[in-house]
Amino acid sequence: MRYIIISDIHGNIEALKSVLTIADEHPDAHIVSLGDIVGYGADPGACLSIVQGIARISLAGNHDHAAVGLTDIRYFNTYAREAVLWTSGQLTENERGYLRGLPLFKRAEGAYFLVHSSPDSPEEWRYIITLSDAQESFPAFEEPLCFVGHSHSPMVFGIAPNGRCHREYRETISLKEGYRYIVNVGSVGQPRDGDWRACIVVYDDQAKTIEYKRLEYDLPSAQKKIIDAGLPSFLARRLQQGV
Ligand code: ZN
């Protein structure tokens, strides 16, 4: 079985459409969304309706919760807060209901654990960025694999049977027998690893591979919509810098 795992779309419909080309290449794949469908970008409603249509599993992110008042936004930075307030004003009652109903995590016993932020405290929206962040998170789940988003930085953290942790990021990563992994799938709509292209993961549970795909999309159009919507211009600039 193949899984197409996406996260942090952030209202960027142009980027999300590029993902659909990969979905077309693998019609049998299960599509999983790890949250932050909205926030920052100018098309929250359109992104929600696509995710609702294609995702077998759809989880809540902090921006999804913030847009419907489920998370305190005092700790958001100025740009994020402004975007959350704007997004909140765009959503229909149906869309709000969908966001409110999204679960924080999902697990398939013996197979995988899915969560937006971290498996130890999903509602606290902790980031897994460093090796020691990962080391702290491994005991919080039993499955061989945990898929996360949230930091917008694609990265695979592995732990060997002897407890030693490492991290790696390249196009295709083969999963080793006896190891466990935390896989950050990167961000569709606002990558922050210096590469502006949309980022997704294709996980093949037979071949035991994690494949990162980077997809070009209509960046100028996504930027123009952010400006036209009156959102902070920094949010348009950062898209092309991948920060
Ligand atoms: Zn995010």
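Our subject is the structure that appears above.
Notes on the structure in this doc start here. (Residues numbered from 1 in each chain as written. Predicted model: local features only at pLDDT ≥ 70, side-chain atom pairs only at ≥ 80, totals over all residues. Heavy atoms only, no water.)

## Description of the pattern of salt bridges
Within this structure, the stated rule accounts for 14 salt bridges. A salt bridge links Arg-126 to Asp-120; the shortest N-O distance between them is 2.3 Å. The shortest N-O distance in the salt bridge between Glu-168 and Arg-170 comes to 3.0 Å. Glu-168 gets classed as buried once you look at its relative accessible area, which sits at 15%. By relative accessible area, Arg-170 is classed as partly exposed at 45%. Overlapping salt bridges bring together Asp-193, Asp-195, Arg-197 and Arg-214 as one network. (Salt bridge = Lys/Arg side-chain N within 4 Å of Asp/Glu carboxyl O. Buried < 20%, exposed > 50% of the residue type's maximum accessible area, 1.4 Å probe, protein only.)

## Observations concerning the sheet that holds strand S5 (residues 112-115)
Judged by pairing direction, the sheet is mixed, and its six strands sit side by side in the order S4-S5-S6-S10-S7-S8 without closing on themselves. Single-partner strands in this sheet number two, and they are strand S4 (105-108) and strand S8 (165-168). Between one strand and the next, the sheet's axes are offset by a mean angle of 15°, whatever the strand orientation. As judged from the five bridges shared by strand S7 (residues 155-159) and strand S10 (residues 180-184), these two strands associate in the antiparallel manner. Of the residues in S10, the one forming a bridge with Gly-158 is Tyr-181. (Pairing = 2+ DSSP bridges. Helix = DSSP H or I, 4+ residues; strand = E, 2+ residues; numbered from the N terminus. Axes fitted to C-alpha atoms, helices over the stretch in contact; angles between N-to-C directions.)

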